[in-house]
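Remarks on the overall topology
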Amino acid sequence: MQLGLIGLGKMGGNMRERLRRAGHTVVGYDRDPDLSDVKDLAELVEKLEAPRTVWVMVPAGNATQSVIDELKDLLSAGDTVVDGGNSRWSDDEKHAAELGVKEIGFVDAGVSGGVWGLENGYALMVGGSKEHVDRLRPVFDALKPEGPYGYVHAGKVGAGHFSKMVHNGIEYAMMQAYAEGWELLEKVKSVDNVREVFRSWQEGTVIRSWLLDLAVNALDEDAHLDKLRGYAEDSGEGRWTVEAAIDNAVPLPAITASLFARFASRQDDSPQMKMIAALRNQFGGHAVESAKE
């Protein structure tokens, strides 16, 4: 099958390679000419036979909207656009409507697998009409992991990205739990080999997971994570998950707390903790530390 692929970064580039290994023809475009197969989107579309499929792997928001706008003028009725980036699910209906005016199909695909996807495959959560999704099954089958799992047609347009958003929210909470457990183990004097404790959990325990395996990898590289600063960014999907929970009156205490913990990591000197220290001093005479000059 032929496929145009826009965005050849860490994931897009590996996806192009995995698809080619499976025998598909991929024409890739990236702003970096050293990565790109063509000079622009017009040339990419010209190289594809109708009905065309173009997969978009660029950052969510303005970047994705810009690509959708350009493709709308380049593609024809019967072609299909797949947004495989981390777009907000609410943008999918808008993009589907914009392309639908010209009878161009739209599919949203939540993609998980990161830099390991080339060898292990990508978990795919797909939203769109059955007609459009079924036509793309050869591509999905090539990208997904081997075996019966790792792919789902989650529902109508927007369902793929909504599912991936919830996946990332769960990921936030799981990472936070591992991080809190690691800190506690590091803190106590009785445990003198935290890395091996984590390693012992990899087999036979109810908390074994790929994230645990990656934690062990990180500790193998830096046993006490001394080389790292305690700072973590958050993707838009963590925030969107909490917003969706509020909109639907669904309690997500663990996921919400893990998102707020990311915010706390950005404060070298927490304003909130200043107030807590002041209050503890006021009601209980507890000691406070002076601000460093």
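Source: prediction; values computed, not measured.

1. Description of the pattern of salt bridges
Here the structure, examined in full by the defined rule, presents 19 salt bridges. With a shortest N-O distance of 2.6 Å, Asp-134 and Lys-130 are connected by a salt bridge. Within this pair, Asp-134 and its partner Lys-130 are both found in helix H6 (residues 130–135), separated by 4 residues, close to a single helical turn. Look at Asp-134 and you get partly exposed, because its relative accessible area is 38%. Under the relative-accessibility criterion, Lys-130 is labelled exposed at 58%. The residue Arg-266 makes a salt bridge to Asp-234 at a minimum N-O spacing of 2.5 Å. With Arg-266 in the loop between helix H12 (253–264) and helix H13 (271–284) and Asp-234 in the loop between helix H10 (210–221) and helix H11 (236–247), the pair connects residues that are 32 residues apart, well separated along the chain. Classification of Arg-266 by relative accessible area gives partly exposed; the value is 25%. It is possible to trace a salt-bridge network through shared partners that takes in Arg-195, Glu-196, Arg-199 and Asp-220.

2. Some remarks on the nonpolar core
In terms of nonpolar packing, the biggest core is built from 22 residues, with Trp-55, Leu-124, Val-126, Phe-140 and Leu-143 touching the most fellow members. Of all elements in the fold, only strand E1 (2–6), helix H1 (10–21), strand E5 (105–112), strand E6 (123–127) and helix H7 (137–143) reach the threshold of two or more residues within this core. Tallying contributions element by element places H7 first for this core, with 4 residues. Setting aside anything within four residues of it in sequence, one finds Trp-55 in contact with Leu-3, Gly-4, Leu-5, Ile-6, Met-15, Val-82, Gly-84, Ala-109, Val-111, Val-139, Phe-140 and Leu-143. Grouped together as the second largest cluster of nonpolar side chains are 20 residues, Val-27, Leu-41, Val-45 and Ala-96 included.

3. Considerations on a nonpolar patch on the surface
A surface patch of nonpolar side chains, amounting to about 330 Å² of accessible area, comprises Val-115, Trp-116 and Trp-210. With respect to the helices, strands and loops of the structure, Trp-210 is situated in helix H10.

4. Some words on unusual backbone geometry
A cis amide bond, omega -5°, links Ala-50 with the succeeding residue Pro-51. Mapped onto the elements of the fold, Pro-51 is located in the loop between helix H2 (41–46) and strand E3 (53–56). One non-glycine residue, Leu-225, lies in positive phi territory at about 55°. Tracing the backbone shows Leu-225 in the loop between H10 and H11.

5. Here's the deal with H1
In this model, H1 (12 residues) spans 17 Å end to end at C-alpha, consistent with the 16 Å of a helix rising 1.5 Å per residue. Each element contacted by the buried residues of H1 is listed here: E1, strand E2 (25–29), E3, helix H5 (117–120) and H7. Positive phi appears at Gly-23, one or two residues downstream of H1, with a value of about 95°.

6. Looking at the pairing of E5
The two faces of the sheet receive side chains in turn, since in a regular strand these alternate between them. Across the 8 residues of E5, 8 count as buried, placing the element largely inside the fold. Neither face of E5 is exposed, since Gly-105, Val-107, Ala-109 and Val-111 on one face and Phe-106, Asp-108, Gly-110 and Ser-112 on the opposite face are all buried. Sheet analysis places strand E4 (residues 80–83) next to E5, joined by 4 bridges and oriented parallel. Bridge pairing links Thr-80 to Gly-105 in E5. In this fold, the crossover linking E4 to E5 by way of helix H4 (residues 89–100) has right-handed handedness.

So, how was this worked out
Residues numbered from 1 in each chain as written. Predicted model: local features only at pLDDT ≥ 70, side-chain atom pairs only at ≥ 80, totals over all residues. Heavy atoms only, no water. Salt bridge = Lys/Arg side-chain N within 4 Å of Asp/Glu carboxyl O. Helix = DSSP H or I, 4+ residues; strand = E, 2+ residues; numbered from the N terminus. Buried < 20%, exposed > 50% of the residue type's maximum accessible area, 1.4 Å probe, protein only. Core = buried A, V, L, I, M, F, W, Y, C linked by side-chain atoms within 4.5 Å. Contact = heavy atoms within 4.5 Å. Patch = residues over 30% accessible without salt bridge, like charges linked within 9 Å, V, L, I, M, F, W, Y side chains within 5 Å. Areas by Shrake-Rupley, 256 points an atom, 1.4 Å probe, with all protein chains shown as cover. Expected span 1.5 Å × (residues − 1). Pairing = 2+ DSSP bridges. Right-handed = clockwise from strand over helix to strand, strands pointing away.

Scope: geometric values only; no functional claims are made or implied.
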